[in-house]
Number of protein chains: 2
Amino acid sequence: MKKRITLKDIAQTFDVSIATVSKALKDSHEISAKTKTKIQEYAKQHHYKPNVTALHLLNKKTKTIGVVIPNILNTFFAKVFIGIEHIASQNGYHLVSCISNESFEKEVKTIDLLKHGHLDGIIISLAEETQLKQNFTHLKNTLNEGIPIVMFDRVSDELECDKVIVNDLEGAFHATNHLIKSGCKKVALISVIDNLSVGKLRVEGYRKALNQCNISIDERLIVRINKHEDFDTALKIILSDKSIDGLLCLEESAAVNALHLVKKMNYNIPEDLSIACFTNGKLLQHVTPSISAISQHGKHIGQTAVKMLIDRIENEANPKPFETKVVKTSLIERESTRRLH
Amino acid sequence: MKKRITLKDIAQTFDVSIATVSKALKDSHEISAKTKTKIQEYAKQHHYKPNVTALHLLNKKTKTIGVVIPNILNTFFAKVFIGIEHIASQNGYHLVSCISNESFEKEVKTIDLLKHGHLDGIIISLAEETQLKQNFTHLKNTLNEGIPIVMFDRVSDELECDKVIVNDLEGAFHATNHLIKSGCKKVALISVIDNLSVGKLRVEGYRKALNQCNISIDERLIVRINKHEDFDTALKIILSDKSIDGLLCLEESAAVNALHLVKKMNYNIPEDLSIACFTNGKLLQHVTPSISAISQHGKHIGQTAVKMLIDRIENEANPKPFETKVVKTSLIERESTRRLH
DNA sequence: CTGAAAGCGCTAACAC
DNA sequence: GTGTTAGCGCTTTCAG
């Protein structure tokens, strides 16, 4: 790297002390107007910029936030990221971003790398594997070392920190309710994310809706498919029960896959089968028919999370108690569900 | 932030000098086995980790790369990012990532923030507005200050640095060729990205293909639509020429929008109209019919870009001449184009 | 074997 | 007004 000009260099050219230069550039009243202008002009001409690393060392603050996201191709996480980035850059914070790729090992490594780094705080949504293993040592350690963490979406009760979560239970409740109210007699639930905290909450919401409608819960209608299973086969088995006329999918790709399959099976949608799902990605708008979705307001979640983190960082002197903010979902009705009359 | 343990702390507890501790932790042969073990054990127990900021200051290297991406919701850029992240983390580099959101101003601000930062290098794809303005001062300055830049996809000849580009011309050439060979007599081109370098190259490729097939170029078939125009209306006008039976869209969303429109107009696809487009995103696989795409191998581009950058950073002593690597595209045939017989 | 000292670039309290 | 000094946390010569 070409050497950048430092205070020392300037001090030497004018044969003054480094402190004088520093003060001159800060427009300190201690320095004579003459000295100030000559130093300031010289600095400007030579594009002097303070070395931020030196400042970091001095201030023990880096204005940098670590962001750990499971998968950036997932619309929801991408939107959250946009929200985070927006507010962070507005406040002069840098983002060091990492993708855990749903792997526990990568997440641990990442956190390790990050915390010995120069971070003022971390925003994270847990990797799937981490939620499965329920091993949070890496994060507990980080908190113990005094680095604030804000978790979002996929969180854990075991960690004492700020959190931003989606009201998954209510989201599933409303969607299920909508399916029933719009005429579905038998709603099945398809989960490929039963490992995730949010997956479990969504199942709760589904149950709550059925209960409230006085429909007895048939556990066989709650289908948990894991990654290594064949999705199509699993779905075909459940759909051999021809009386199923509603499908609540817990995330986007399951819904899209299901749609393709049932179209091949010559179902009419939404007449024979209604479909609704979580995460409002572009895909759902563009498939035929378009799929009704529960929006989790990703951008807003991201914004909320950074705000909480920055707040904690900048007020570490008198910390508030940890908070969990709940973001409401909204149901976006499309062609895959029938309208209420 | 809770104070982390430092060399100084350890030195004090054992009443030795800081230098001794530093050497002991590095397992230096200068230090007695006894001293080493006791210090190492103590350090481990107390989770000693060197303060990387101090090291940055010392080494004038931060193992951090800045990444500026126009839009993370765009599949192509997301994939590039994944590629970058993968290789970067493998090599122990952090990523400071920013979204320019296609805005010139944000890009300039970002670069400014980044370069006074602590970066060893920058990877960037230009914002649309930047390509439109053709103002690259911010990047030229950065290069002048000795910070290496690798540009990808949306690049500029005015900047002397390493680049990774897609063979856009050949990609468009092949796709157009495919449309013709599979029976299209009149292929129109839809560009919503005529501001971009890549957009222009793709048009070139289209022309080249027509030329090679001895089809005279009808400029009215090259449709440039800008963001503020109504896409549907523009498309309807061009499709009033009923003899058009092929459509080359320069990016994903235009293709999807076009598909929806022509389906409404009761075209049969691919029989009445074949469609191909750039950027192989998930959407294209899932719409009905699925759309043939030109894959740009985003992940590979990202990987190539970081590798070039890391190479340059770590061998700054003897720099190579700047290089431009060209990544080949591949055509992925789907239902929206006819098969060759 | 261990320590003192200098230095990375900067700031701030305190002298002069 | 300007300079000196110490210090942020660490490494690395060079003395002892």
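All of these numbers come straight from a predicted model, not from anything done at the bench.

### Section: the protein's contact with DNA strand D
- In the vicinity of DNA strand D, 28 residues are found, and the nearest of them are Thr20, Lys23 and Lys60 of chain A together with Leu7 and Tyr48 of chain B.
- Here, DNA strand D places atoms within 4 Å of the protein, and 62% of those atoms are sugar or phosphate.
- Between DNA strand D and glutamate 30 of chain A, the relevant distance is 2.9 Å, taken from a base oxygen to a side-chain nitrogen or oxygen of the residue.
- With respect to DNA strand D, the side chain of lysine 8 of chain B contributes an N or O atom lying 3.5 Å from a phosphate oxygen.
- Among the secondary structure elements, those contributing two or more residues to the surface near DNA strand D are helix H2 (18-25) and helix H4 (52-59) of chain A together with helix H1 (7-14), helix H2 (18-25) and helix H4 (52-59) of chain B.

### Some words on the protein's contact with DNA strand C
- With respect to spatial proximity, 27 residues lie near DNA strand C, and among them Leu7 and Tyr48 of chain A together with Thr20, Lys23 and Lys60 of chain B are the closest.
- When atoms of DNA strand C within 4 Å of the protein are sorted by moiety, sugar and phosphate together comprise 67%.
- Tyrosine 48 of chain A is positioned such that a nitrogen or oxygen atom in its side chain is 2.6 Å from a phosphate oxygen of DNA strand C.
- A distance of 2.6 Å is found between a phosphate oxygen of DNA strand C and a side-chain nitrogen or oxygen belonging to threonine 20 of chain B.
- Breaking the surface near DNA strand C down by element, the ones donating at least two residues are helix H1 (7-14), H2 and H4 of chain A together with H2 and H4 of chain B.
- Looking at the surface near DNA strand C residue by residue, the classes come out as 13 nonpolar, 7 polar and 7 charged.

### Some points on helix H8 (residues 137-144) of chain A
Residues and elements named next belong to chain A.
- Along H8, the residues classified as buried are His138, Leu139 and Thr142. The buried residues of H8 occupy an angular sector of 95 degrees when the element is viewed end-on, so they sit on one face.
- The first or second residue beyond H8 is glycine 146, which carries a positive phi of 90 degrees.

### Here we look at the packing of H1 of chain A against helix H3 (residues 33-45) of chain A
Residues and elements named next belong to chain A.
- Where H1 meets H3, the closest approach of the two axes is 11 Å, and the angle between their N-to-C directions is 130 degrees. As the angle between them shows, H1 and H3 are arranged oblique. When you trace H1 past H3, the crossing you get is right-handed. For the pair H1 and H3, the contacting residues are Ile10, Thr13 and Phe14 in the first and Lys38, Ile39, Tyr42 and Ala43 in the second.
- For the contact of H1 with H3, the class distribution of residues is 5 nonpolar, 1 polar and 1 charged.

Parameters and conventions
Residues numbered from 1 in each chain as written. Chains lettered and ligands numbered in written order. Predicted model: local features only at pLDDT ≥ 70, side-chain atom pairs only at ≥ 80, totals over all residues. Heavy atoms only, no water. Near = heavy atom within 4 Å. Polar contact = N/O pair within 3.5 Å; in protein donor to acceptor, adjacent residues only side chain to side chain. Helix = DSSP H or I, 4+ residues; strand = E, 2+ residues; numbered from the N terminus. Nonpolar A, V, L, I, M, F, W, Y, C, P; charged D, E, K, R; others polar. Buried < 20%, exposed > 50% of the residue type's maximum accessible area, 1.4 Å probe, protein only. Arc of directions from axis to C-beta. Axes fitted to C-alpha atoms, helices over the stretch in contact; angles between N-to-C directions. Parallel < 35°, antiparallel > 145°, perpendicular 65-115°, else oblique. Left-handed = near helix turned anticlockwise from the far one by under 90°. Contact = heavy atoms within 4.5 Å.

Limitation: the analysis is restricted to geometry and does not speak to function.
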